[in-house]
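# Analysis of the macromolecular model
These are the residues of each chain, in order.
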Amino acid sequence: GFGFIASEATATRFGRDVYIAKAEVQMLAAAEGRAPVSHAGEKPPPPSLEEEDLVRFRVRLSAEGYPQAEGIRCIQKFQGSVIEPPAEEDPSTNAPPACGRILSDGLMGPTGAREAILTRAACGRARLLPGDRVTFC
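Remember, predicted model here, so these are calculated numbers, not experimental data. (Residues numbered from 1 in each chain as written. Predicted model: local features only at pLDDT ≥ 70, side-chain atom pairs only at ≥ 80, totals over all residues. Heavy atoms only, no water.)

### Notes on the overall build of the chain
Defined as follows: The way it works is that DSSP assigns letters per residue, a run of H or I at least four long becomes a helix, a run of E at least two long becomes a strand, and they are numbered from the N terminus. To measure how exposed things are, a 1.4 Å probe is used in the Shrake-Rupley method; for residues, cover is taken only from the protein chains shown.
In terms of regular secondary structure, the chain is built from three helices and eight strands. Reading the chain from its N end, one meets helices and strands in the order β-α-β-α-β-β-β-β-α-β-β. As displayed, the chain offers around 9700 Å² of accessible surface, 52% of which is attributable to carbon and sulfur atoms.

Printed below as a string of structure tokens:
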């Protein structure tokens, strides 16, 4: 089995998606405790990455020069609500714009806090409003 990772950066550089071998997914599952569980007498299901999973990886080139993913790690996604959007940049000052805040109950376990700081730069072109639901890492 195999699959591909869609990445704008690698598509720009190599002109294609990045190949991911089944063995890489299995190593990811074992490293992150996501290995599938089988029942007595059953063949274990293959480990999987789901569409929309966010991953970090290194690229190595195959013998043919095609990009292949290695050292794959999942990036945890959180969902929350914008409490306060970040301020817009003011070119008339040299001060950095004020940061915004996101409220997410999912952050409590990994970080011990329910709020995340949100910078203007992290928003890209998005213009957020209080109460907007967002997914972030």
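### Quick notes on the sheet that holds strand E5 (residues 78-84)
Counted only if it meets this: At least two bridges found by DSSP between two strands are what make those strands a pair. Between N-to-C directions, angles span 0 to 180 degrees; the directions come from axes that are lines fitted to C-alpha atoms, helices contributing only their stretch in contact.
What the four strands build is an open sheet, ordered E7-E6-E5-E8; its pairing is antiparallel. In the strand order of this sheet, the two ends are held by strand E7 (115-118) and strand E8 (133-136), each with one partner. Between one strand and the next, the sheet's axes are offset by a mean angle of 45°, whatever the strand orientation.

### Here's the deal with the pattern of salt bridges
Threshold: A pairing counts as a salt bridge when a side-chain nitrogen of Lys or Arg comes within 4 Å of a carboxyl oxygen of Asp or Glu. Burial classes: relative accessible area under 20% of the type maximum marks a residue as buried, over 50% as exposed, and values in between as partly exposed (1.4 Å probe, protein chains only).
Under the counting rule described, the total for this entry stands at seven salt bridges. Close ionic contact of arginine 127 with glutamate 88 constitutes a salt bridge, the shortest N to O distance being 3.4 Å. With arginine 127 in the loop between E7 and E8 and glutamate 88 in the loop between E5 and strand E6 (100-103), this pair connects stretches of sequence that are 39 residues apart. As a salt-bridge pair, arginine 114 and aspartate 105 come within 2.7 Å of each other at their nearest N and O atoms. Owing to a relative accessible area of 54%, aspartate 105 belongs among the exposed residues under this scheme. Three or more residues joined by partner-sharing salt bridges are found here, namely Arg58, Arg60 and Glu70.

### Section: helix H2 (residues 22-31)
Selection rule: Directions are taken from the helix axis to each C-beta atom, and the arc is the one they span. Only heavy atoms matter for contacts: two residues are in contact if any of them lie within 4.5 Å across the pair.
By the burial criterion, the buried members of H2 are Glu24, Val25, Leu28 and Ala29. All buried residues of H2 project into a common sector of 140° when viewed along the axis, lining one side. For H2, exposure combined with an orientation more than 90 degrees from the buried face picks out Ala30 and Ala31. Contact partners of the buried residues in H2: strand E2 (18-21) and strand E4 (67-75).

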